[in-house]
Every structure is written in structure tokens, then in C-alpha cells.
Amino acid sequence: MNKIGPISLVGAGPGDPELLTVRALHRLQAADVVLSDDLVDARVLALVKPGARIVYVGKRGGCVSTEQRFIHELMIREASAGLNVVRLKGGDPFVFGRGGEEMDALRAAGITVEVVSGLTAGIAAPASIGIPVTDRRHAPGVAFVTGHNREDAQAGTGQNGPNAPTGPNWHALARSGLTLVIYMGLARVESLVAALSEDGGLPLDTPAAAISATHTLQQRSVICTLAELPATLRREAISSPAILVIGPVVNMAHTLNEIQTLEMPQAWRA
Ligand code: SAH
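Conventions and cut-offs
Residue numbers here run from 1 along each chain, matching the order of that chain's written sequence. Reporting of local features is limited, given that this is a predicted model, to residues whose pLDDT is at least 70; pairs of side-chain atoms are given and counted only at 80 or more, and all residues count toward the totals for whole chains, interfaces and linings. Side-chain figures throughout are based on the complete set of non-hydrogen atoms in the structure, without hydrogens or water. Runs of H or I in DSSP of at least four residues are treated as helices and runs of E of at least two as strands, each being numbered from the N terminus. Any two residues having at least one pair of non-hydrogen atoms within 4.5 Å are treated as being in contact. The Shrake-Rupley method, run with a 1.4 Å probe sphere, supplies the accessible areas, and residue values consider only the shown protein chains as cover. Exposure classes here rest on a 1.4 Å probe applied to the protein chains alone. A residue is buried below 20% of its type maximum, exposed above 50%, and partly exposed in between. Whenever a carboxyl oxygen of Asp or Glu lies within 4 Å of a side-chain nitrogen of Lys or Arg, that contact is scored as a salt bridge. The arc in question is the one spanned by the directions pointing from the helix axis to the C-beta atoms. By convention in these notes, a residue is near a molecule or strand provided one of its non-hydrogen atoms lies within 4 Å of it. Whenever two N or O atoms come within 3.5 Å, that pair is a polar contact, provided that in protein one can donate a hydrogen and the other can accept it, and provided that, for residues adjacent in sequence, both atoms are side-chain atoms. Should DSSP find at least two bridges between two strands, the strands are taken to pair. Interaxial angle, 0 to 180 degrees, is taken between N-to-C directions of lines fitted to C-alpha atoms, where a helix line uses only the stretch in contact.

*Asks:* Where do I start with the overall build of the chain in this structure?
*Replies:* Counting its secondary structure elements, the chain contains nine helices and 10 strands. Here the analysis covers contacts within the chain between residues at least 6 apart in sequence; of these, 70% occur between residues at least 24 apart. Of the roughly 13,200 Å² that the chain leaves accessible, carbon and sulfur atoms contribute 54%.

*Asks:* Please clarify how the environment of P17 should be interpreted in this entry.
*Replies:* One can find P17 in the loop between β1 (7–11) and α1 (22–30). For P17, a relative accessible area of 0% puts it in the buried group. Sequence separation between P17 and A46 is 29 residues; the distance between their C-alpha atoms is 9.4 Å.

*Asks:* Before we go on, may I ask you to explain the pattern of salt bridges in this structure?
*Replies:* Any two side chains of opposite charge can pair, so long as their charged atoms come close to each other. Taken as a whole and assessed by the stated rule, the structure comprises 13 salt bridges. Residue D41 is joined to R43 by a salt bridge in which the shortest nitrogen-to-oxygen separation is 2.8 Å. Of the two residues examined, D41 and R43, each falls in the buried class. Three or more residues joined by partner-sharing salt bridges are found here, namely D37, R87, K89 and E102.

*Asks:* Got a minute to help me understand α1 in this structure?
*Replies:* Within an α-helix, residues lying three or four positions from one another point in the same direction, as the helix has 3.6 residues per turn. The complete set of buried residues in α1 reads A24, L25 and L28. Looking straight down α1, one finds that the buried residues subtend no more than 100° of arc, so they occupy a single side. Those residues of α1 that are buried are in contact with β1, β2 (33–36), α2 (42–45), β4 (85–89) and β5 (113–116).

*Asks:* What is the right way to look at helix α5 (residues 121–128) in this model?
*Replies:* For α5, the set of buried residues is G122, A124, A125, P126 and S128. Just beyond α5, the residue with positive phi is G130, at close to 85°.

*Asks:* What exactly am I supposed to notice about the site of the ligand here?
*Replies:* With respect to spatial proximity, 17 residues lie near the ligand, and among them D92, V95, T120, T214 and A242 are the closest. In this structure, a nitrogen atom belonging to the ligand sits 2.7 Å away from a main-chain N or O atom of V95. With respect to the ligand, the backbone of A242 contributes an N or O atom lying 2.7 Å from an oxygen atom. Taking 540 Å² as the accessible area of the ligand by itself, protein coverage stands at 91%.

*Asks:* What exactly am I supposed to notice about the sheet that holds β4 here?
*Replies:* As a general point, the strands of a sheet are linked pairwise by backbone hydrogen bonds and lie either parallel or antiparallel. Ordered by their spatial adjacency, five strands build an open sheet running β3-β2-β4-β1-β5, and the pairing between neighbours is parallel. Of all the strands in the sheet, just β3 (53–56) and β5 have a single pairing partner and so form its edges. Between one strand axis and the next, the sheet turns by 20° as a mean value, whatever way the strands run. Note: β1 against β4, four bridges, orientation parallel. If you follow L9 over to β4, its bridge partner there is R87. In the packing of α1 onto the sheet, the strands contacted are β1, β2, β4 and β5, and the crossing angle to β5 comes to about 130°. Where helix α4 (residues 99–108) meets the sheet, it contacts β1, β4 and β5, and its direction lies at approximately 175° from that of β1.

Right, here's the structure in full:
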């Protein structure tokens, strides 16, 4: 049997193609078929070579486990046909992206997997408004956590599998002194704030920020206190995808959004 693969799991970064790694760009330009997530920016997909096929395999809605299996089978089928396959994921492929599950499935099928790291939203979004998540004057480190829990997963919208955790230990996180960077946190923000403050004892005046659609033309951000976070998100109509940041380091944020550089270099235009 001919050797199949490798298949590259490529991080597309948060939006702006200038935030792709050079390696990610090379893989996109070499791919025959790109299996892309929902969250990948159209300007990144525009860098795929002419004639290459882009397959959208977003997982919003529907039965997650079946769709995940379908994605695995599709990757294996395309690679077995001798095509150069890239699996493209928003941000970093191994940060809340099921990259690990996909790598496992490909390895089990005997296919070599290459991982091309990308810039994750949990670092890029705070940085875009001047928040250095591990500034040592404010926090000894950062915790990247999901706002989803297993109930969401069972409803078909979140993480899955027999060992999926029930959700972060908010009580412990509140006491950790770490900056909290929360992915997928909008839907449960009220219960999350309650868990951190009422159960965890995190002061209600702890600074909090939300940054949506970072490094896209739609980027928006708000800065407030933990107590004000749910109402502020509603009032400002902050929508998914968004990152929540909680901790004193949020005080370093710019009061005005930085204007992103959205022009692509001439050399990258098709
Ligand atoms: N692998 C991705 C995360 C996938 S989970 C990464 O490394 O960034 C999806 C969550 O990521 C969203 O619910 C949101 O919390 C966050 N996210 C992804 N892209 C984003 C963006 N451009 N702006 C803000 N948050 C984003």
C-alpha cells in the first residue's frame, strides 16, 4: 500500500491573514483540498491555490459526534486518493479545536499528522487591546478555560467523549490568582460570574473585558467589572466568537480599540 499523507492540521490564527505563520501559508498554497472550520476568516481562505477545493466542515448545529466522525472519514478518504490535505482550524489547532481527536483518528488510520501551530484567540484578542495576559505585575500566569460544560456537550454543542470534564472548577480558578481567559463563555456568562464571585470569592469589582471577532473588521471590545459583565455584553450586543478576560491585568487595556492593520501586503494578493 502506498504511504498516505501527511495531513497537516493548520492553525489559521484569529482572522487577519498577516497573523498566519509562514508555514501555514506554505501549506495552504500547496493544498489540493482544504477542510475548513466555520471560524476561519475568508481572507485566509483566499490564499488557497487556484483550483484547490475548500470543504466547509463547520460544526454549528447538528449531531457533533457524527459530524466529527464524518470529518475524520473525509480527511482519510481525500488523503487516500493521493491528495494533499490541509485541515484548517481557527486560531491554534490544539486549543479547544478538537485537533487532538482528529490527530488520534488519523494516526489510528496509519496517517502521519503534521501540526502547524497558530495564534490562538485567547492571546491575540487580549493583546489587540493592550492586555498582556501574564504581565508579572498583575498575575503569575494565565488559565485558558472553556465556558462550555458537559451538559452543553450532551446537548450537542460542546466537548464530547467519555472523559470530557464537567467544566472548569470556577471556585479554584477564582482563588488561583491567575488571569482567566475564557473561550466560548458568552452563553453562560451569568452563571460563570456567579460561580467566580459568589462561590469563588472573586471580588465583584475585578476588571473584566470581552473582545469579539478579534483581528477581523468586526472586532469589538468592552471593559467593565466582573459584576457588570453580563449587562455590558447585552447592552453592547457583543456576540460570538468572543474571548472573556478576567483579572487585574485588564486594567492595562487601551481605552480605545486599537485600529487593526487590515491591508494585506501586495505580494499576498492573488
Ligand atoms: N482553536 C481556536 C478556538 C476554538 S473554540 C483558537 O485557538 O483560537 C471557539 C472559541 O474561540 C470561540 O467561542 C471564541 O471564544 C474563541 N474565538 C475564536 N476566534 C475568535 C476571534 N476571532 N475573536 C474572539 N474570539 C475568538
